[in-house]
Amino acid sequence: TLSLQFFIRDAKLHLVANMRSSDLILGIAYDVPAFTLLQELMAYELGVGLGTYTHVSNSLHVYERHFDMLDKMTSQDEISQAKMMHHSLGAMPPLPSPPPVETMMQVEKVLQDLSSYDTMNKLLDEFTHTEHGIHDYWLDWVKILACHRLKKLGMLEEKDDLRKSIWFLGYQ
């Protein structure tokens, strides 16, 4: 990342990301969500609307090890399915509140040491039904982190079950 340029025009916060280089398969999948979340958080804090996001990469590339994956992603069936899914999802939900940073950090710390699905369910239940009660928008982030941990533990069925419980279908 060379620069992130934020500017307000017509009461909307716009962002231009300038990248020296971007891996189309893995890099973009992390960079764009991270940068646009930062843009959303800043717009929320500044009390302005959300403007455009522009991503400039001086070297956008795909590594040879991902050629098969790219072929599959660009097949007509995959493109048609992605278009249908895009139309059924609608827009991402707006940011409901600032992120509950302390809660999220607590959850991530617990997840790093987690080794049981039952313990994970108790953790998720605690952050859903107690005084921690966080908005579904942020609970989705907790579930995404939990899915990542389950995948690392080889609990793929459990990960898929948890993934299906994510509130915003676009994150599933």
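Read on for a plain summary of the structure.

What counts and how
Residues numbered from 1 in each chain as written. Predicted model: local features only at pLDDT ≥ 70, side-chain atom pairs only at ≥ 80, totals over all residues. Heavy atoms only, no water. Salt bridge = Lys/Arg side-chain N within 4 Å of Asp/Glu carboxyl O. Helix = DSSP H or I, 4+ residues; strand = E, 2+ residues; numbered from the N terminus. Buried < 20%, exposed > 50% of the residue type's maximum accessible area, 1.4 Å probe, protein only. Axes fitted to C-alpha atoms, helices over the stretch in contact; angles between N-to-C directions. Parallel < 35°, antiparallel > 145°, perpendicular 65-115°, else oblique. Left-handed = near helix turned anticlockwise from the far one by under 90°. Contact = heavy atoms within 4.5 Å. Nonpolar A, V, L, I, M, F, W, Y, C, P; charged D, E, K, R; others polar. Lys, Arg positive; Asp, Glu negative; His and termini not counted. Pairing = 2+ DSSP bridges.

All right, on to the pattern of salt bridges then. This structure, assessed with the given rule, holds two salt bridges. Residue Lys 159 is joined to Asp 160 by a salt bridge in which the shortest nitrogen-to-oxygen separation is 3.2 Å. Close ionic contact of Asp 160 with Arg 163 constitutes a salt bridge, the shortest N to O distance being 3.8 Å. Taken together, the residues Asp 160 and Arg 163, both in helix 7 (residues 156-164) and three residues apart, mark about one turn of the helix. For Asp 160, a relative accessible area of 28% puts it in the partly exposed group. Within the structure, one salt-bridge network assembled from shared partners comprises Lys 159, Asp 160 and Arg 163.

Following both chains from N to C, one finds helix 6 (residues 136-152) and helix 7 inclined at 170 degrees, their axes separated by 8 Å at the closest point. What the angle tells us is that helix 6 and helix 7 run roughly antiparallel. Two packed elements cross with a definite hand, and for helix 6 against helix 7 that hand is left-handed. Here helix 6 contributes Lys 143, Ala 146, Cys 147, Leu 150 and Lys 151 to the contact with helix 7, which in turn contributes Leu 156, Glu 158, Lys 159, Leu 162 and Arg 163. When the residues that make up the contact of helix 6 with helix 7 are grouped by side-chain class, the tally is five nonpolar, no polar and five charged.

Let's shift gears to the side chain of Asp 31. Take Asp 31: it is sitting in helix 1 (residues 27-46). Of the side chains with opposite charge, Arg 20 comes closest to the buried, unpaired Asp 31, at an N-O distance of 10 Å. Sequence-distant contacts of Asp 31, that is, excluding residues within four places in its chain, are made with Met 19 and His 55.

Here we come to unusual backbone geometry. Here the phi dihedral of Asp 10 falls at roughly 50 degrees; this positive angle occurs in a residue that is not glycine. If you check the backbone angles, Ala 11 has positive phi at about 60 degrees while not being a glycine. Looking at the element boundaries, Ala 11 is found in the loop between strand 1 (3-9) and strand 2 (12-19). The exposure class of Ala 11 is exposed, given its relative accessible area of 51%.

Here the focus is the sheet that holds strand 2. A sheet is described by the order of its strands in space; here three strands give the open sequence 1-2-4, paired in mixed fashion. Of all the strands in the sheet, just strand 1 and strand 4 (49-57) have a single pairing partner and so form its edges. Across the sheet, the axes of successive neighbouring strands diverge by a mean angle of 15 degrees, strand direction being ignored. Pairing analysis gives seven bridges linking strand 2 to strand 4, with the strands arranged parallel. Each bridged residue has a counterpart across the sheet, and for Ala 17 the counterpart in strand 4 is His 55.

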